[in-house]
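Topology and contacts: notes
Now for the letters of each chain:
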Amino acid sequence: MQVNEVKRRLLSCVLTALLSGCGQQTEPHSATFFAMDTVMELAVYGSESLLAEGEELILDIEQRLSVTDSSSEIAELNRNGKAAVTSETESLLEKALALCERTDGALDITVYPVVRAWGFTTGEYKVPEEIDLIDALALVDYRKVKLDSGTASLSPGMQIDLGSVAKGWAGDKVMEMFRQRGVESALLNLGGNVQALGSKPDGSSWRVGVRSPSGDGYAGAVEISDKAVITSGGYQRFFEENGNRYHHIIDPKTGWPASNGLLSVTVIGDSGIACDGLSTALFVMGPERALTFWETQGDFEAIFIMEDKVVITDGLADSFEPLGKYADMKVEVQYRDKD
Ligand code: AMP
Ligand code: MG
């Protein structure tokens, strides 16, 4: 390269740097699409072609895991009680089962017969007859799912549903691919599950909104870098019958929608699948049990939203800001017992 050409390129880079930071995009490339029953958005600072690759990855995961697509690996497992699974699906099942174990069954991927009895898979909602619930509950026990080098098997009648962890897992896979491609800055929003890779290109944190369970904007915002921010809430899917509201997060011990005063739980940590599984599990546990559980764990922080208060774990004390009606309430901070 001629010396003049080098000087010209350097100058042009300096000018660009003054405007936007040398070699950095000011705006991310972004894409919005529908997958896993929800709207997904990818925003990436890097090559635009990464968007199509990210979308393809998610659609491929959906195709393998969907309980409603009869050709998926999981649908085959549910139909036959046994199926060959790809190493990726086996690894997801291992991680999901470990989360069931870790939460002592508050998360249970075999709760599907109960979810079906309530009509949450088809949209034909109904409060099940008690006898139907008892029959469905008898099939629920994650400890009976067996994995053996490429083959998954269930006990008779058992069925699984990975809806509680699939989006977090998909987010992890997209992040892994972005990282391998040298991306340093990206944000995913997979139907309200937000996952950030790195910080914004200018080095500042991402500000992620936590939805208000009553549907009116945001209950708060949290500043994060390189983290997943994943929420489970009864408000996300529910139906009403005879003046009662029934939502889609089931307590595997009773077969009924978890009812313990929590409107939503947001879990923040490094792993998308862990945050996704834990947010569902903590929602089932309820505030007291969930906070006791958090005290014994070291890999996540959480935001508990109730009708009249917000409780956050101490790692978020400097990064959480309550918004809307929650800005007028006291935010309680839960500290770890030092004893
Ligand atoms: P999430 O939105 O991640 O909290 O997941 C909720 C979805 O997971 C529901 O729509 C059900 O399909 C399924 N599900 C409901 N209750 C449970 C549970 N206790 N354990 C595992 N999956 C559940
Ligand atoms: Mg979940």
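Everything discussed here concerns the structure shown above.
Keep in mind the model is a prediction, meaning the values are calculated, not measured.

1. Concerning unusual backbone geometry
Despite not being glycine, M36 has its phi angle at roughly 50 degrees, a positive value. Residue position: M36 is located in the loop between β1 (29–35) and β2 (38–45). A relative accessible area of 15% places M36 in the buried class. In this structure, D104 is a non-glycine residue whose phi angle is positive, near 50 degrees. Among the secondary structure elements, D104 is positioned in the loop between α4 (87–102) and α5 (112–117). For D104, a relative accessible area of 54% puts it in the exposed group.

2. Some words on the coordination of the magnesium ion (ligand 2)
Around a metal, the perfect tetrahedron of four donors has angles of 109.5 degrees, and the perfect octahedron of six donors has angles of 90 or 180 degrees. Note on the magnesium ion (ligand 2): its protein donors are S164 (O), D276 (O), D276 (OD) and T280 (OG1). The metal-donor distances range over 2.1 to 2.4 Å. Between consecutive donor residues of the magnesium ion (ligand 2), the sequence gaps follow S-x111-D-x3-T. Placement of the pair is S164 in the loop between β5 (151–153) and α7 (166–180) and T280 in helix α8 (residues 272–285), with a sequence separation of 116 residues. The residues S164 and T280 share a single accessibility class, namely buried.

3. Here we look at α4
In this model α4 runs 22 Å from its N-terminal to its C-terminal C-alpha over 16 residues, within 8% of the 22 Å that 1.5 Å per residue would give. All of the buried residues in α4 are T89, E90, L92, L93, A96, L97, L99 and C100. In this fold, the buried residues of α4 make contact with α2 (49–65), α3 (73–80), β4 (146–148), β5, α7 and α8. Downstream of α4 by one or two residues, D104 has phi in the positive range, about 50 degrees.

4. Considering the packing of aromatic side chains
Evaluated as defined, the whole model comprises nine aromatic pairs. When the centroid spacing of 5.0 Å and the interplanar angle of 0 degrees are considered together, the rings of Y125 and F239 count as stacked. Separated by 114 residues along the polypeptide, Y125 in the loop between α5 and α6 (130–137) and F239 in strand β11 (residues 238–241) bring together distant segments of the chain. When its relative accessible area of 7% is taken as the criterion, F239 is described as buried. For the ring pair Y246 and W256, a centre distance of 6.4 Å and an interplane angle of 55 degrees mean the geometry is tilted.

5. Here we look at the environment of I273
Checked against the element boundaries, I273 lands in helix α8. With 181 residues separating them along the chain, I273 and L92 place their C-alpha atoms 8.6 Å apart. Here I273 is in contact with L92, K95, A96, L99, V165, G168, W169 and D172, once residues within four sequence places are set aside.

6. As for the site of ligand 1
The full set close to ligand 1 counts 16 residues, and D161, S232, H248, I250 and T280 are the nearest of them. Interatomic distance of 2.8 Å between a backbone N/O atom of I250 and a nitrogen atom of ligand 1. Take T280: an N or O atom from its side chain is 2.7 Å from an oxygen atom of ligand 1. Burial of ligand 1 by the protein amounts to 93% of the accessible area it has alone, namely 500 Å². Top element by residues in the shell around ligand 1 is α8. It accounts for three residues. Classifying every residue of the shell around ligand 1 gives seven nonpolar, six polar and three charged.

7. Let's talk about the sheet that holds strand β16 (residues 320–322)
In spatial order, the strands read β8-β9-β16; together these three strands make up an open sheet with antiparallel pairing. Edge positions in the sheet fall to β8 (206–211) and β16, since each of these pairs with one other strand and no more. Neighbouring strand axes in the sheet, compared pairwise and without regard to direction, differ in orientation by 20 degrees on average.

8. Thoughts on the nonpolar core
What tends to happen in soluble globular proteins is that the nonpolar side chains get buried as a cluster. With 70 residues, the main nonpolar core has I58, L162, F178, L282 and F304 as its most contacted residues. Setting aside its immediate chain neighbours within four residues, F304 contacts L262, S264, V265, L282, A290, L291, K309, V310, V311 and T313. Y45, A219, I312 and Y326 belong to the second-largest nonpolar core, a separate cluster that totals 19 residues.

Calculation notes
Residues numbered from 1 in each chain as written. Chains lettered and ligands numbered in written order. Predicted model: local features only at pLDDT ≥ 70, side-chain atom pairs only at ≥ 80, totals over all residues. Heavy atoms only, no water. Helix = DSSP H or I, 4+ residues; strand = E, 2+ residues; numbered from the N terminus. Buried < 20%, exposed > 50% of the residue type's maximum accessible area, 1.4 Å probe, protein only. Donors = N, O, S within 2.8 Å, 3.2 Å for Na, K, Ca; no water. Expected span 1.5 Å × (residues − 1). Contact = heavy atoms within 4.5 Å. Phe/Tyr/Trp six-rings, centres within 6.5 Å; stacked < 30°, edge-to-face > 60°. Near = heavy atom within 4 Å. Polar contact = N/O pair within 3.5 Å; in protein donor to acceptor, adjacent residues only side chain to side chain. Areas by Shrake-Rupley, 256 points an atom, 1.4 Å probe, with all protein chains shown as cover. Nonpolar A, V, L, I, M, F, W, Y, C, P; charged D, E, K, R; others polar. Pairing = 2+ DSSP bridges. Axes fitted to C-alpha atoms, helices over the stretch in contact; angles between N-to-C directions. Core = buried A, V, L, I, M, F, W, Y, C linked by side-chain atoms within 4.5 Å.

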